[in-house]
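One-letter residues, chain by chain:
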Amino acid sequence: MAEPGKQPREAWGSKLGVILAVAGSAIGLGNFLRFPVKAAQNGGGAFMIPYFISFLLLGLPLMWVEWTIGRFGGGFERSTAPGIFETLWRKNRFIKYFGVIGIFGPSVIYVYYVYIESWLLGYSVFALTGKYAACTDQASMAGFLQAYQGLAQNQHFSSISTAYLFFLITFAVNIVILCVGLRGGIERVCKMGLLVLFAFAVMILIRVLTLGAPNPARPEWNVANGFGFLWNPQWAKLKEAKVWLAAAGQIFFTLSVGFGVILTYASYLRKRDDVALSGLTASTANEFAEVILGGSIVIPAAFAFFGTEGTMEIAKGGAFNLGFVTMPLVLQQVAFGQFFAFAWFFLLFIAGVTSSISLAMPAIVFLQDEFHLDRKTASVLFAVVTFNLCQVVIFFNGQGALDEMDFWGGTFCVVLFAMIEVVLFAWVFGMDKAWNELHSGSDIRIPRVYRFIIKYVTPVFLLLILGSWIVQEGWPTLLLHNIPPEKVPFVIGTRVLLLDLFAVVAFLVWLAWRKRQEKGEIT
Amino acid sequence: MTTAGWAFLVVSWGAILSLTVFCLSKTLRKKS
């Protein structure tokens, strides 16, 4: 019988449901925009060598670690990192505070991710209504995006009000799904959402594959050569360390490992549910969406219309440029372009929603688990806090607030959290126990070489990523080296805000444990 | 697209597709 005031624990409706929810969390904007840009910039086909090696040595092991520790913690009715870490290392009084990162990180990412997601909803409506139809080149389409974001004023938008309206709708959609709960909300949305996403992606893929050479004057600008742009190997690039780091980074971020999200999802599994096959299935579904679908849409399509030099310039402009500037221009030039543009932005919007709801889960579930709030109250409380933080991103976007949140929440915390969990799993919990736990109820046997990989190779790989990232980006960003002087006060203000948020989450962890002590649940 | 480019594409797609089919079929079989 549940203790008074404590809500009955939620559960997944089916095994496939939890796999799709994890796949939905992993499949996001990065699969369709970041991957093709990284591959094209870092050696084409040769990039796939470090990419697959990273998948086997970093992505898969971390995926299994998160599924396993999540289910293990769930057995003690703990669903978020502070509680789960404590179940792994009971003697350590401070380990729960390391788990704060697993609530703080995804919440910070949620704040800016949900705003970017709202641009996709806005653009899918603009595609249908022909709002950006007058923009026929890169400069005017970039001007459209800037005015939409409130960074400029032109004939398209005079203020940020349209963007704000789409933000409100997107934010409300997320919170409603979260309020409905695990089975009726998240599981159902991920099942339907991924079906629509794959259907739209396959439709666009077929359209891209049948583009041929759309410019009769430039027959060499064709889809086959577009694939060549992405896949022709540049062997010399393999000697560059940055290419290996880019591949490892892509694998790391695409699988949603290190966010604290997968372990929360896995905590709702039963003790005898499989995690080995489920983790592998979610990972391969993500790879299918990334390499086969994501790799076959934007770059081949851009190449067919802009050729080698044009596509190189576009790839240099980054993932957002590719998604919000180049793709609408490309799709304007194909038959039924309005529909395909709608499908493109809407599929990205769905990918965004299935990811953002997962990012909100650790904070909401923490409030449910530790303070016995019901799902709706916890979701509304989360909504109030993050809605206020979103205002910083929306109104100070041009001042570096979004980049600052991405730096701390979306990069630093993620790599650090992954490092902590793999060390806890393999070294503190112990590899023998960890291996047995991973195989408990398992539908497949994982090759024994993974004992060695999880214990030694993955932590070293993560240390290399963390170290090189600190040297290349972390240190200069921390010291504000690349920030223009006029943006410095805003960046520092954002940092103070993030520090406050971290302190609040740490205080809540302290408070929750004190309550447990008073009840005699822990000594 | 060069022959090496095609080779990379075919091997990568083949590996991912076969792994996806293996995992999904095993998952669905266990589910039923």
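Residues numbered from 1 in each chain as written. Chains lettered and ligands numbered in written order. Predicted model: local features only at pLDDT ≥ 70, side-chain atom pairs only at ≥ 80, totals over all residues.

### Here's the deal with the overall build of chain A
Here comes step 1: Scanning chain A from N- to C-terminus turns up 21 helices and zero strands.
Here comes step 2: Relative to the compact-globule value of 24 Å for 523 residues, chain A shows a C-alpha radius of gyration of 23 Å, a close match.
Here comes step 3: In terms of principal-axis extent, the alpha carbons of chain A reach across some 75 × 50 × 45 Å.
Here comes step 4: Split into buried and exposed, the 523 residues of chain A put 54% on the buried side.
Here comes step 5: For chain A, the proportion of contacts with a sequence separation of at least 24, taken over those separated by at least 6, is 83%. (Helix = DSSP H or I, 4+ residues; strand = E, 2+ residues; numbered from the N terminus. Rg over C-alpha atoms; globule rule 2.2 N^0.38 Å. Buried ≥ 20, exposed ≤ 12 C-beta atoms within 10 Å, placed from the backbone. Contact = placed C-beta atoms within 7 Å.)

### Considering the confidence of the model for chain A
Here comes step 1: Confidence along chain A averages 91 in pLDDT terms, with 98% of residues attaining 70 or more.
Here comes step 2: Taken element by element, the predicted model of chain A shows its lowest mean pLDDT in helix α11 (residues 241-254) of chain A (84) and its highest in helix α8 (residues 161-180) of chain A (97). (pLDDT = per-residue confidence, 0-100.)

### Focus on the environment of R78 of chain A
All names here are of chain A.
Here comes step 1: Relative to the helices and strands, R78 is located in the loop between α3 (48-74) and α4 (81-88).
Here comes step 2: According to the C-beta neighbour criterion, R78 is buried, with 25 such atoms within 10 Å.
Here comes step 3: When the C-alpha atoms of R78 and P328 are compared, they prove to be 45 Å apart, with 250 residues separating the residues in sequence.
Here comes step 4: Beyond its immediate sequence surroundings of up to four residues, R78 is in contact with G73, G83, I84, T87, S267 and D369.

### Structural notes on unusual backbone geometry
Most peptide bonds take the trans configuration, and most residues that are not glycine carry a negative phi.
All names here are of chain A.
Here comes step 1: Even without being glycine, E77 reaches a positive phi, approximately 60°.
Here comes step 2: Mapped onto the secondary structure, E77 falls in the loop between α3 and α4.
Here comes step 3: At L480, a position not held by glycine, the phi torsion is positive, near 60°.
Here comes step 4: Within the secondary structure, L480 sits in the loop between α20 (449-478) and α21 (488-519).
Here comes step 5: On the basis of neighbour counts, which here come to 15 C-beta atoms within 10 Å, the residue L480 falls in the partly exposed class.

### Here's the deal with the interface of chain B and chain A
Here comes step 1: Contacts between the two partners involve 17 residues from chain B and, on the opposite side, 23 residues from chain A.
Here comes step 2: Among the residues forming the side of chain B that touches chain A, the class breakdown is nine nonpolar, five polar and three charged. (Nonpolar A, V, L, I, M, F, W, Y, C, P; charged D, E, K, R; others polar.)

### Examining the nonpolar core
Here comes step 1: Counting 188 residues, the largest nonpolar core has W344, F345 and L347 of chain A as the members making the most contacts within it.
Here comes step 2: Apart from residues no more than four positions distant in its own chain, L347 of chain A is found in contact with L197, F200 and A201 of chain A. (Core = buried A, V, L, I, M, F, W, Y, C linked by C-beta atoms within 7 Å.)

### Thoughts on the environment of V22 of chain A
Residue and element names in this part refer to chain A.
Here comes step 1: Looking at the element boundaries, V22 is found in helix α1 (residues 15-26).
Here comes step 2: According to the C-beta neighbour criterion, V22 is buried, with 30 such atoms within 10 Å.
Here comes step 3: Sequence spacing of V22 and V488 is 466 residues, and the spatial spacing of their C-alpha atoms is 37 Å.
Here comes step 4: Not counting the four nearest positions on each side in its chain, V22 is found in contact with I262, Y265 and A282.

### Comments concerning the packing of helix α6 (residues 101-129) of chain A against α21 of chain A
Residue and element names in this part refer to chain A.
Here comes step 1: Running from N to C, α6 and α21 cross one another at 140°; their axes reach a closest spacing of 9 Å. With respect to α21, the axis of α6 lies oblique. You can see that α6 and α21 cross each other, and the crossing is right-handed. For the pair formed by α6 and α21, the contact residues are I103, F104 and V108 on the first element and L498, L501, F502 and V505 on the second. (Axes fitted to C-alpha atoms, helices over the stretch in contact; angles between N-to-C directions. Parallel < 35°, antiparallel > 145°, perpendicular 65-115°, else oblique. Left-handed = near helix turned anticlockwise from the far one by under 90°.)

### Side note on helix α7 (residues 138-148) of chain A
Residues and elements named next belong to chain A.
Here comes step 1: Among the residues making up α7, those that are buried are M141, F144, L145, A147 and Y148. Viewed along the axis of α7, the buried residues span an arc of 165°, placing them on a single side of the element.
Here comes step 2: Of the surrounding elements, those touching the buried residues of α7 are α6, α8 and α15 (319-332).
Here comes step 3: Directly after α7, the chain includes G150, whose backbone phi takes a positive value near 80°. (Arc of directions from axis to C-beta.)

### Structural notes on the environment of L280 of chain A
Residues and elements named next belong to chain A.
Here comes step 1: Tracing the backbone through its elements, the reader meets L280 in helix α13 (residues 276-293).
Here comes step 2: Of the residues examined, L280 has 25 C-beta atoms within 10 Å and is grouped as buried.
Here comes step 3: For the pair L280 and P459, spaced 179 residues apart in the sequence, the C-alpha separation amounts to 20 Å.

### Brief notes about the packing of α6 of chain A against helix α17 (residues 375-395) of chain A
Residues and elements named next belong to chain A.
Here comes step 1: Two numbers describe how α6 lies on α17: the axes approach to 9 Å, and their chain directions differ by 60°. As the angle between them shows, α6 and α17 are arranged oblique. Helix-helix and strand crossings are classified by hand; for α6 and α17 the assignment is right-handed. Of the residues in α17, those touching α6 at S107, Y110, V111, Y112, V114 and Y115 are T386, L389, C390, V393 and I394.
Here comes step 2: Looking at the contact of α6 with α17 residue by residue, the class counts come to nine nonpolar, two polar and no charged.

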